[in-house]
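Commentary on secondary and tertiary structure
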Amino acid sequence: MAATRTFSIIKPDATRRNLTGAVTAKLEEAGLRVVASKRIQMTREQAEGFYGVHRERPFFNDLVSFMISGPVVVQVLEGENAVLRNREIMGATNPSDAADGTIRKLFAESIEANSVHGSDSDENAAIEIAYFFTPEELVG
Ligand code: GDP
C-alpha cells in the first residue's frame, strides 16, 4: 500500500514541558516519518481559522486561547495509512479514555491540553497541511 500523509501538531502543553522529542519519537516508533516540521507561535486568527469547524462548540474560545498560549510544532507525517496510524498512536481525545502506550495517555494533561493534534481524514489532512506549509517545505 502506498504511503499517505497526515498533519500533526505538538501542542503548547507539550512544547512547554520540553516533550517535542519524546512525542516525535513515539510518532517515529509508530512507523511515521516526519517529512516537514517547524516550530511556530500561532496567531489568534490562525488558530480560529484552523479550528473553524469547532466554532459553535462551548470550548472554542478556551481551545483557541490554549493553542496560542505558547509555541507549537506543526508537522507533516508520512507512512502507510498515515491518518489512521497517527490517530492510533495519539489515543483518545480525553487522556483518561486513551489506551496505554498512546501519546495522550503518556503525556496529556487534560481533555484540552492533550499534547497532540492529528487529522481525522485524508481530505482534512490535505487541507490542514496546506494551511501551514507550502509545497516547497515538504522535503520528504
Ligand atoms: P481530536 O480530533 O481528538 O483532537 O478531538 P476533537 O476534534 O473533538 O477536538 C479538538 C480539540 O479540542 C481536542 O484535541 C481538545 O484539545 C479540544 N477539546 C475537545 N473536547 C473538549 C472539551 O470537551 N473541552 C475542552 N476544553 N476542550 C476540548
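Below is a summary of the structure that appears in this document. Because the structure is predicted, anything quoted here is derived from the model rather than measured.

The next subject is the site of the ligand. In the vicinity of the ligand, the contacting residues are K11, H54, R57, F59, L63, R87, T93, R104, I111, E112 and N114. A distance of 2.9 Å is found between an oxygen atom of the ligand and a side-chain nitrogen or oxygen belonging to R87. The contact in question runs from an oxygen atom of the ligand to an N or O atom on the backbone of E112, over 2.8 Å. For the ligand, whose accessible area on its own is 550 Å², the fraction buried by protein is 79%. Across the shell around the ligand, the residue classes tally to three nonpolar, three polar and five charged.

Spatially, four strands are ordered β2-β3-β1-β4 in an open sheet, and the strand pairing comes out antiparallel. Because the sheet does not close on itself, it has two edges, and the strands there are β2 (33–40) and β4 (116–118). Ignoring strand direction, the axes of neighbouring strands in this sheet form an average angle of 20 degrees. Pairing of strand β1 (residues 3–10) with β4, which is carried by three bridges, proceeds in the antiparallel orientation. By the bridge assignment, S8 is partnered in β4 with G118.

Another point: the side chain of S8. Relative to the assigned elements, S8 resides in strand β1. Here S8 is in contact with L27, V73, V74, Q75, L77, N86 and H117, once residues within four sequence places are set aside.

Here the largest pocket defines a volume of roughly 670 Å³. If you trace the largest pocket, you find 26 residues lining it, with Y51, V53, H54, L63 and H117 closest to the centre. In terms of residue count, the dominant contributor to the lining of the largest pocket is helix α7 (residues 122–132) (four residues). Within the lining of the largest pocket, the residues separate by chemical class into 10 nonpolar, eight polar and eight charged.

With that settled, the discussion passes to the environment of A3. Relative to the elements of secondary structure, A3 occurs in strand β1. Linking A3 and G79, residues 76 residues apart in sequence, is a C-alpha distance of 4.7 Å. Each residue touching A3, except ones within four places of it in the same chain, is listed here: E78, G79 and E80.

In this section: the side chain of Q75. Topologically, Q75 is positioned in strand β3 (residues 72–80). Engagement of the side chain of Q75 in a polar contact is seen with the side chain of T24, the distance being 3.5 Å. Apart from the residues within four sequence positions on either side, Q75 is in contact with T6, F7, S8, I10, T24, L27, V34, A36, S37 and F133.

Another aspect to go through is the pattern of salt bridges. In the structure shown here, the tally under the stated rule is seven salt bridges. One salt bridge in this structure joins D13 and R17, with 2.6 Å as the shortest N-O distance. Its salt-bridge partner being E109, residue R16 comes within 3.0 Å of it at the nearest N-O pair. Of this pair, R16 sits in helix α1 (residues 12–16) while E109 sits in the loop between α6 (103–107) and β4; the two residues are 93 residues apart in sequence, bridging distant segments of the chain. Ionic contacts of the salt-bridge type, sharing partners, join the residues D13, R16, R17 and E109 into one network.

Further remarks concern unusual backbone geometry. For N81, which is not a glycine, the phi torsion comes out positive at approximately 55 degrees. Topologically, N81 is positioned in the loop between β3 and α5 (82–90). When its relative accessible area of 36% is taken as the criterion, N81 is described as partly exposed. At S115, a position not held by glycine, the phi torsion is positive, near 75 degrees. Within the secondary structure, S115 is located in the loop between α6 and β4.

What counts as what
- Residues numbered from 1 in each chain as written.
- Predicted model: local features only at pLDDT ≥ 70, side-chain atom pairs only at ≥ 80, totals over all residues.
- Heavy atoms only, no water.
- Near = heavy atom within 4 Å.
- Polar contact = N/O pair within 3.5 Å; in protein donor to acceptor, adjacent residues only side chain to side chain.
- Areas by Shrake-Rupley, 256 points an atom, 1.4 Å probe, with all protein chains shown as cover.
- Nonpolar A, V, L, I, M, F, W, Y, C, P; charged D, E, K, R; others polar.
- Pairing = 2+ DSSP bridges.
- Helix = DSSP H or I, 4+ residues; strand = E, 2+ residues; numbered from the N terminus.
- Axes fitted to C-alpha atoms, helices over the stretch in contact; angles between N-to-C directions.
- Contact = heavy atoms within 4.5 Å.
- 1 Å grid on protein atoms, 1.4 Å probe; cavity = no way out; pocket = protein on both sides within 12 Å on 5 of 7 lines; lining within 4 Å.
- Points joined across faces, edges and corners; volume = space filled by probe spheres on them.
- Salt bridge = Lys/Arg side-chain N within 4 Å of Asp/Glu carboxyl O.
- Buried < 20%, exposed > 50% of the residue type's maximum accessible area, 1.4 Å probe, protein only.

The analysis is restricted to geometry; functional conclusions fall outside its scope.
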